[in-house]
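An overview of the molecular structure
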Amino acid sequence: MTQPTLMSTYGRLPVMFERGEGVWLYDTEGVRYLDALSGVAVNALGHAHPAVVGAIQEQAARLIHTSNVYRIQRQEELGDLLCGLAEMERVFFCNSGAEANEAAIKLARLYGHRRNIERPTIIVMEKSFHGRTMATLTATGSRKIQAGFEPLVAGFTRAPYGDMEALRTIARNNPDVVAVLLEPAQGEGGVNLLPAGFLRELRELCDERSWLLMLDEVQTGNGRTGAWFAYQHDKVLPDVVATAKGLGNGVPIGACMARGIAAELFQPGSHGSTFGGNPLACAAALAVLRTIDAENLLAHVTRESEFLLSELRARLADVPGVVEVRGFGLLLGIELDRPCGELVRQALEQKLLINVTADRVVRLLPPLIIQRTESEQLLDTLCPLIEQFCKGT
Ligand SMILES: *Cc1c(COP(=O)(O)O)cnc(C)c1O
């Protein structure tokens, strides 16, 4: 079904899209699909949003790439805007989530060496996902993602997600720890949420121990949870934030932001990227952030999230096999009591694009612009599918 010349990194679905508009994608036969995945949290403004298209067209006609050896106007504008929204001081631009986390990991190591810790160690979480480069797959809490790529990178230790006691135990026993890296809500790991108040307590522990608090907001950032960044719900500021996915609405861009001492660690020559922060990617990201603001999408995300969560809970309440419905903004998960990868194909047949992660969790990541009638269509297609699937018919 897929091209033999492409390395088999993905088990691809038998469909190819030709164009899109808003939450809709059209395949090569002209058939329309409701996109409740957004290219895995990327197309935050849906497909072909005029503000993004216009910004890319205009920038492409003017200047696509120069180099980070020169000043770049769009990068400076985006840096100001993004740092303001994230309440961070400085930013390094790259091209993906993994690269943003790589930058965070390198910051933690520089920070450790500055404190004369020879083997700086970062605490990472079980079930986490941080990317596919060697350091980020090592940080990732999934054996499946690591298997075959040994030797892994040194300098990581792991704790259960959301377990303060485990972190305190590590604090007592491991003097090499310099930072904690975690997702404010785990996406790939199965839409797992932190207990209320956890980030605030973790902030206190980090302060006590002089650890950097580093948040991977690659999936949760840029409005996905109804705030610019998920930590803002808790009024807690991390030292380092990595983001990517929704930032460029499909134009590859990642960002590693920092404040305080973490913002001062990189010096000329210590890190870099050829493409990172180029004029085209930055123009797209500027359009995305300005549009989220202009269209009041943060409040919209919160409203749509409440609607979808309460409807999913109501409609699936009596379905045996549904373990839990949970979500954070428009990152939504329906956990079943059995593997349910097959639901992706069944939904595709009904012209609905969804995802299953962690084997048993249906994950929805609709575009932030999804309208109420579209949310209703999503529910009308998905809920009966899950019900039938659980009945085993
Ligand atoms: C997707 C994702 C990544 C990796 O991003 P890439 O752009 O694929 O490198 C890292 N962290 C989280 C939380 C993600 O969801």
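Residues numbered from 1 in each chain as written. Predicted model: local features only at pLDDT ≥ 70, side-chain atom pairs only at ≥ 80, totals over all residues. Heavy atoms only, no water.

Focus: the packing of aromatic side chains
- Scanning all chains against the criterion turns up three aromatic pairs.
- A centroid spacing of 5.2 Å and a plane angle of 80° characterise the contact between Phe 17 and Tyr 33, whose relative ring orientation is edge-to-face. Here Phe 17, found in strand 1 (residues 17–21), pairs with Tyr 33, found in strand 3 (residues 32–35); they are 16 residues apart in sequence, far enough to count as distant.
- A relative accessible area of 31% means that Phe 17 is categorised as partly exposed.
- Look at Tyr 33 and you get buried, because its relative accessible area is 5%.
- Positioned over the ring face of Tyr 26 is Arg 19, at 4.0 Å from the centre of the ring.
- Above the ring of Trp 24, the side-chain terminus of Arg 32 is found at 3.5 Å from the ring centroid. (Phe/Tyr/Trp six-rings, centres within 6.5 Å; stacked < 30°, edge-to-face > 60°. Helix = DSSP H or I, 4+ residues; strand = E, 2+ residues; numbered from the N terminus. Buried < 20%, exposed > 50% of the residue type's maximum accessible area, 1.4 Å probe, protein only. Lys NZ or Arg CZ within 6 Å of the ring centre and 35° of its normal.)

Observations concerning the layout of surface pockets
- Approximately 890 Å³ is the volume found for the second largest pocket.
- In terms of lining, the second largest pocket is formed by 31 residues, of which the most central are Gln 75, Arg 90, Val 91, Phe 92 and Phe 93.
- For the lining of the second largest pocket, the secondary structure elements donating two or more residues are helix 3 (73–86), strand 4 (90–94) and strand 12 (254–258).
- The dominant element in the lining of the second largest pocket, judged by the number of residues it contributes, is helix 3, at five residues.
- For the lining of the second largest pocket, the class distribution of residues is 15 nonpolar, ten polar and six charged. (1 Å grid on protein atoms, 1.4 Å probe; cavity = no way out; pocket = protein on both sides within 12 Å on 5 of 7 lines; lining within 4 Å. Points joined across faces, edges and corners; volume = space filled by probe spheres on them. Nonpolar A, V, L, I, M, F, W, Y, C, P; charged D, E, K, R; others polar.)

Considering the sheet that holds strand 10 (residues 212–216)
- Spatially, 4-12-11-10-7-5-6 is the arrangement adopted by the seven strands of the open sheet, whose pairing is mixed. The sheet is open, and its two edges are formed by strand 4 and strand 6 (156–159), each paired on a single side. Neighbour-to-neighbour, the strand axes of the sheet open up by a mean angle of 20°, direction not taken into account.
- Here strand 4 pairs with strand 12 via five bridges, running antiparallel. Paired with Cys 94 across the strands is Gly 254, a residue of strand 12.
- On top of the sheet, helix 3 reaches strand 4 and strand 12; it is set at about 120° to strand 4, its chief contact.
- Contacting strand 7 (177–182) and strand 10, helix 8 (residues 198–209) runs over the sheet at an angle of about 145° to strand 10. (Pairing = 2+ DSSP bridges. Axes fitted to C-alpha atoms, helices over the stretch in contact; angles between N-to-C directions. Contact = heavy atoms within 4.5 Å.)

Examining the nonpolar core
- By size, the foremost hydrophobic cluster in this structure holds 88 residues, and its most contacted members are Leu 182, Leu 202, Ile 334, Leu 364 and Ile 386.
- The contacts of Leu 202, once residues within four sequence positions are left out, are Met 164, Leu 167, Val 180, Leu 182 and Leu 213. (Core = buried A, V, L, I, M, F, W, Y, C linked by side-chain atoms within 4.5 Å.)

Comments concerning the packing of helix 7 (residues 164–173) against helix 8
- With their axes 11 Å apart at the nearest point, helix 7 and helix 8 run at an angle of 5° to one another. In terms of orientation, helix 7 and helix 8 fall into the roughly parallel class. Facing helix 7, whose interface residues are Met 164, Leu 167, Arg 168 and Ala 171, helix 8 presents Phe 198, Glu 201, Leu 202, Leu 205 and Arg 209.
- Of the residues contributing to the contact of helix 7 with helix 8, the split by class is six nonpolar, no polar and three charged. (Parallel < 35°, antiparallel > 145°, perpendicular 65-115°, else oblique.)

Looking at the packing of helix 10 (residues 297–316) against helix 12 (residues 372–391)
- One way to put it is that helix 10 packs onto helix 12 with a least axis distance of 11 Å and a crossing angle of 25°. Between helix 10 and helix 12, the interaxial angle falls into the category roughly parallel. At the point where helix 10 passes helix 12, the crossing takes the right-handed sense. Counted together, Arg 303, Glu 304, Phe 307, Leu 308, Glu 311, Leu 312, Arg 315 and Leu 316 of helix 10 and Arg 372, Ser 375, Glu 376, Leu 378, Leu 379, Asp 380, Leu 382, Cys 383 and Ile 386 of helix 12 form the full contact between these two elements.
- Counted by class, the contact of helix 10 with helix 12 contains nine nonpolar, one polar and seven charged residues. (Left-handed = near helix turned anticlockwise from the far one by under 90°.)

Things to note about empty space enclosed by the protein
- Considering all chains together, one arrives at one cavity of 30 Å³ or more under this definition.
- Estimated volume of the largest cavity: approximately 40 Å³.
- Surrounding the largest cavity, Ala 41, Ala 44, Gln 219, Gly 221, Asn 222, Arg 224, Gly 246 and Leu 368 form its lining.
- For the lining of the largest cavity, a count of residues per class yields three nonpolar, four polar and one charged.

Considering the site of the ligand
- Neighbouring the ligand are the residues Ser 96, Gly 97, Ala 98, Asn 101, Phe 129, His 130, Gly 131, Glu 183, Asp 216, Val 218, Gln 219 and Lys 245.
- Between Ala 98 and the ligand, the recorded distance is 2.8 Å, taken from a backbone N or O atom to an oxygen atom.
- When the ligand is considered free in solution it has 380 Å² of accessible area, and contact with the protein chains removes 80% of it.
- For the shell around the ligand, the leading source of residues is helix 4 (residues 97–114), giving three residues. (Near = heavy atom within 4 Å. Polar contact = N/O pair within 3.5 Å; in protein donor to acceptor, adjacent residues only side chain to side chain. Areas by Shrake-Rupley, 256 points an atom, 1.4 Å probe, with all protein chains shown as cover.)

A few points about the state of the cysteines
- Evaluation of the coordinates by the stated rule reveals zero disulfides.
- There is no disulfide at Cys 83, and the cysteine sulfur nearest it, in Cys 256, is 10 Å away.
- Take Cys 83: its relative accessible area is 8%, and that puts it in the buried class.
- In this structure Cys 282 is not part of a disulfide, and its nearest cysteine sulfur, from Cys 94, lies 11 Å away.
- Taking the relative accessible area as the measure of exposure, Cys 282 reaches 0% and is therefore buried. (Disulfide = S-S within 2.5 Å.)

Digging into helix 4
- In a regular helix each residue adds 1.5 Å, so 18 residues correspond to 26 Å; helix 4 covers 26 Å between its end C-alpha atoms and thus fits that length.
- Residues of helix 4 that are buried: Gly 97, Ala 98, Ala 100, Asn 101, Glu 102, Ala 103, Ala 104, Ile 105, Leu 107, Ala 108, Tyr 111 and Gly 112.
- N-capping of helix 4 is provided by Ser 96, with a side-chain oxygen placed 3.2 Å from the backbone N of Glu 99.
- Looking one or two residues beyond helix 4, the residue adopting positive phi is Asn 116, at roughly 60°. (Expected span 1.5 Å × (residues − 1).)

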